[in-house]
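Remarks on the overall topology
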Amino acid sequence: MYDSTGDDMEKIARQGILYDFYGALLTEHQRQIYEDIVLYDLSLSEIAQERGISRQGVHDLVKRCDRILEGYEEKLHLVEKFEETKKLAREIQSLTRELAETGRADLIQRIEKISGEIIELETH
């Protein structure tokens, strides 16, 4: 296992989502090793032995992939936009439930405003 502490769980989740968005931009070799670490939770030693490279080589490659994926996010902000879209969609869901229960017209205006924000997020 590459990372296992509580703080590292957030890092692993971040690595996974960055990989989901940008993994296709890595080389095949990088993807295979990164998947072994992040998705399949193999140890550096297991991967090194399986791939016939050093443990340090695996470690360096994973760190390089982390930097590459973070670099894509810094430039493209796709994960950030996705997270904001999810947040707004949850708010719409909550407002529609409340609207169904209360019939308040002001909620329709708020829903229209939020959906407009989502559309704007997708065009930037």
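Residues numbered from 1 in each chain as written. Predicted model: local features only at pLDDT ≥ 70, side-chain atom pairs only at ≥ 80, totals over all residues. Heavy atoms only, no water.

Quick look at the overall build of the protein
Each helix and strand counted, the protein has six helices and zero strands in total. From first element to last, N terminus to C terminus, the protein shows the α and β order α-α-α-α-α-α. For the protein, whose C-alpha radius of gyration is 20 Å, the value lies well above the compact-globule estimate of 14 Å for 124 residues. The proportion of buried residues among the 124 residues of the protein is 31%. For the protein, the proportion of contacts with a sequence separation of at least 24, taken over those separated by at least 6, is 55%. If you sum the accessible surface of the protein, you get close to 7900 Å²; carbon and sulfur atoms cover 53% of it. If the 17 positive side-chain charges of the protein are averaged to one point and the 27 negative ones to another, these points end up 2 Å apart. (Helix = DSSP H or I, 4+ residues; strand = E, 2+ residues; numbered from the N terminus. Rg over C-alpha atoms; globule rule 2.2 N^0.38 Å. Buried < 20%, exposed > 50% of the residue type's maximum accessible area, 1.4 Å probe, protein only. Contact = heavy atoms within 4.5 Å. Areas by Shrake-Rupley, 256 points an atom, 1.4 Å probe, with all protein chains shown as cover. Lys, Arg positive; Asp, Glu negative; His and termini not counted. Charge placed at Lys NZ, Arg CZ, Asp CG, Glu CD.)

Brief notes about the environment of cysteine 65
With respect to the helices and strands, the residue cysteine 65 is situated in helix α4 (residues 55-76). In sequence terms cysteine 65 and leucine 26 are 39 residues apart; their C-alpha atoms lie 7.6 Å from each other. Apart from the residues within four sequence positions on either side, cysteine 65 is in contact with Leu26, Gln30 and Tyr34.

Remarks on the packing of aromatic side chains
What the rule picks out here adds up to four aromatic pairs. Here the aromatic rings of phenylalanine 21 and tyrosine 22 are separated by 6.3 Å at their centres, their planes lie at 45 degrees, and the arrangement is tilted. Taking relative accessible area as the criterion, tyrosine 22 reaches 1% and is therefore assigned buried. Taken together through their ring pairs, the aromatic side chains of Phe21, Tyr22, Tyr72 and Phe82 make up a single cluster. (Phe/Tyr/Trp six-rings, centres within 6.5 Å; stacked < 30°, edge-to-face > 60°.)

Some remarks on the environment of leucine 26
You can see leucine 26 is positioned in the loop between α1 (6-22) and α2 (28-39). On the basis of relative accessible area, leucine 26 is assigned to the buried category, the value being 4%. Sequence separation of leucine 26 and serine 54 is 28 residues, and the distance between their C-alpha atoms is 20 Å. The residues touching leucine 26, leaving out its near neighbours within four places in the chain, are Tyr19, Arg31, Cys65, Ile68 and Leu69.

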